[in-house]
Amino acid sequence: MDVDTRLLRYFVAVAEEGTLTRAAERLYVSQPALTKQIKQLETRLGVRLFTRSRTGMALTEAGRALRERTPALLADWDLALRETRRADGRAARVLRVGFLASAANEATVRIVEDFTRRRPDWRVEMRQGPWSDPSAGLAEGVVDVALLRLPFPGQDTLRTVTLFTEPRWVALPAGHRLAAAEVIPFRDLWDEPFVAAPPESGRWRDHWLAADEREGRPVRVGAVADRPDDWLSAVANGYGVALAPASAARFHARPGIVYRPVSGVSPSRAGVAWAPSDDASPVVQDFVRCCVDNAPQVEQEAT
């Protein structure tokens with residue numbers, strides 16, 4: 001009998017948090033979706049794993065037995081995946097770099113060129129991730145290192161260095177009532193429908209909706225997009241407005257869309273991220289150094 005490792009990760013989260021609500025927040029999924037996954041796992045195993053009550057989720061005896069074994073099993077599986085992919089990359093001398101949208105902006109080319117000078121026998125393979133995976137494959141070990149926008153789900157389990165910050169602007173349909181404004185106060189956008197990333201992107205989605213900077217005003221979602229092209233189309237078609245890095249005005253300019261500065265909203269941070277297991281990888285660390293050396297502004301503190 002095969003069991004999806006995702007179901008086991010969900011099980012561990014519920015077991016550790018004790019409630020579906022807290023586990024759903026930790027996993028950046030909805031509570032109904034998490035409930036469905038737990039029921040699916042119980043059905044596949046043919047046992048009851050939790051006793052449900054108003055106070056939370058208590059493990060049954062079968063649940064406690066599974067809880068004892070699962071963390072080590074998942075850790076071994078994650079390590080096996082990373083080692084397998086890393087070995088494949090070493091053999092081909094390919095460094096897989098995940099990224100979202102415009103990566104590190106204009107610094108991206110300089111970073112890759114610098115790495116190529118340091119490692120002339122290696123090749124950088126850039127892999128763009130969907131917004132439903134804000135780690136661009138790093139969390140799953142699909143890539144070796146990633147150029148990302150912070151914060152993102154699972155960031156606390158990885159190493160990150162902030163490379164630069166830039167203001168968040170807003171993308172508007174060209175005919176929008178605020179399209180001619182020089183600077184738009186964020187509160188003037190609170191009642192607008194927004195184009196959002198998929199819900200599974202969790203706090204990354206919330207950051208780009210500035211959900212915590214609305215003084216409690218709820219977000220209106222007019223459309224959901226998983227990639228820049230879909231996002232641009234949704235804005236141009238008038239389904240919503242969207243916050244974006246100021247650099248989007250350069251990298252994602254297109255007819256039918258205007259970008260305007262926004263006041264009263266925090267900036268965006270771009271960073272490089274890698275797995276703790278690659279702290280001792282000379283190739284990954286060379287790439288990280290190239291990122292730091294070529295970033296327009298560097299914050300020295302790593303996490």
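This text goes with the structure placed above it.
Our subject in this report is the structure included herewith.

About the criteria used
- Residues numbered from 1 in each chain as written.
- Predicted model: local features only at pLDDT ≥ 70, side-chain atom pairs only at ≥ 80, totals over all residues.
- Heavy atoms only, no water.
- Helix = DSSP H or I, 4+ residues; strand = E, 2+ residues; numbered from the N terminus.
- Rg over C-alpha atoms; globule rule 2.2 N^0.38 Å.
- Contact = heavy atoms within 4.5 Å.
- Areas by Shrake-Rupley, 256 points an atom, 1.4 Å probe, with all protein chains shown as cover.
- Lys, Arg positive; Asp, Glu negative; His and termini not counted.
- Charge placed at Lys NZ, Arg CZ, Asp CG, Glu CD.
- Pairing = 2+ DSSP bridges.
- Right-handed = clockwise from strand over helix to strand, strands pointing away.
- Phe/Tyr/Trp six-rings, centres within 6.5 Å; stacked < 30°, edge-to-face > 60°.
- Lys NZ or Arg CZ within 6 Å of the ring centre and 35° of its normal.
- Core = buried A, V, L, I, M, F, W, Y, C linked by side-chain atoms within 4.5 Å.
- Buried < 20%, exposed > 50% of the residue type's maximum accessible area, 1.4 Å probe, protein only.

**Examining the overall build of the protein chain**
For the protein chain, the count of helices and strands is nine helices and 13 strands. Whereas a compact globule of 303 residues would reach a radius of gyration of roughly 19 Å, the protein chain reaches 21 Å, a difference of no more than 12%. With respect to the principal axes defined by its C-alpha atoms, the protein chain has extents near 65 × 50 × 30 Å. Put simply, 74% of the contacts in the protein chain that link residues at least 6 apart link residues at least 24 apart. When the accessible area of the protein chain is evaluated, it comes to approximately 14900 Å², of which 51% is carbon and sulfur surface. If you average the places of the 41 positive and of the 40 negative side-chain charges in the protein chain, the two averages end up 3 Å apart.

**Section: the environment of R254**
Structurally, R254 can be placed in the loop between α8 (248-251) and β12 (257-263). Separated by 18 residues in sequence, R254 and V272 place their C-alpha atoms 28 Å apart.

**Points about the pairing of strand β9 (residues 193-196)**
Here β9 runs beside strand β10 (residues 220-224); their pairing, made up of four bridges, is parallel. Bridge pairing in β10 links F194 to V221. In this fold, the crossover linking β9 to β10 by way of helix α6 (residues 203-208) has right-handed handedness.

**Focus on the packing of aromatic side chains**
Going through the model one piece at a time under the given rule, you end up with six aromatic pairs. One aromatic cluster in this structure is built from W131, W204, W208 and W231. Lying across the ring of W208, R168 places its NZ or CZ 5.7 Å from the centre. Of note, R214 hangs over the ring of F194, and the distance from its end group to the ring centre comes to 4.7 Å.

**Focus on the sheet that holds strand β7 (residues 168-173)**
Two orientations exist for strands paired in a sheet by backbone hydrogen bonds: parallel and antiparallel. Spatially, the four strands line up as an open sheet ordered β8-β12-β7-β11, and their pairing is mixed. With one partner strand each, in any of the chains shown, β8 (184-185) and β11 (242-245) form the two edges of the open sheet. By the bridge criterion, two bridges tie β8 to β12 in an arrangement that is parallel. Bridging across to β12, P185 finds its partner in S263.

**Observations regarding the nonpolar core**
V170, L172, F186, L189, V195, W231 and L243 are the most contacted members of the largest nonpolar core, which has 45 residues in total. Taken together, the elements giving at least two residues each to this core come down to β5 (145-150), β7, β9, α6, α7 (228-236), β11 and β12. Excluding residues within four positions of it along the chain, V195 makes contact with L209, A223, A225, W231, A234, V235, G240, V241 and A242. In terms of nonpolar packing, the next biggest core, distinct from the first, is built from 25 residues, A104, W122, V124 and C290 among them.

By themselves, these are just geometric observations and shouldn't be taken as functional.
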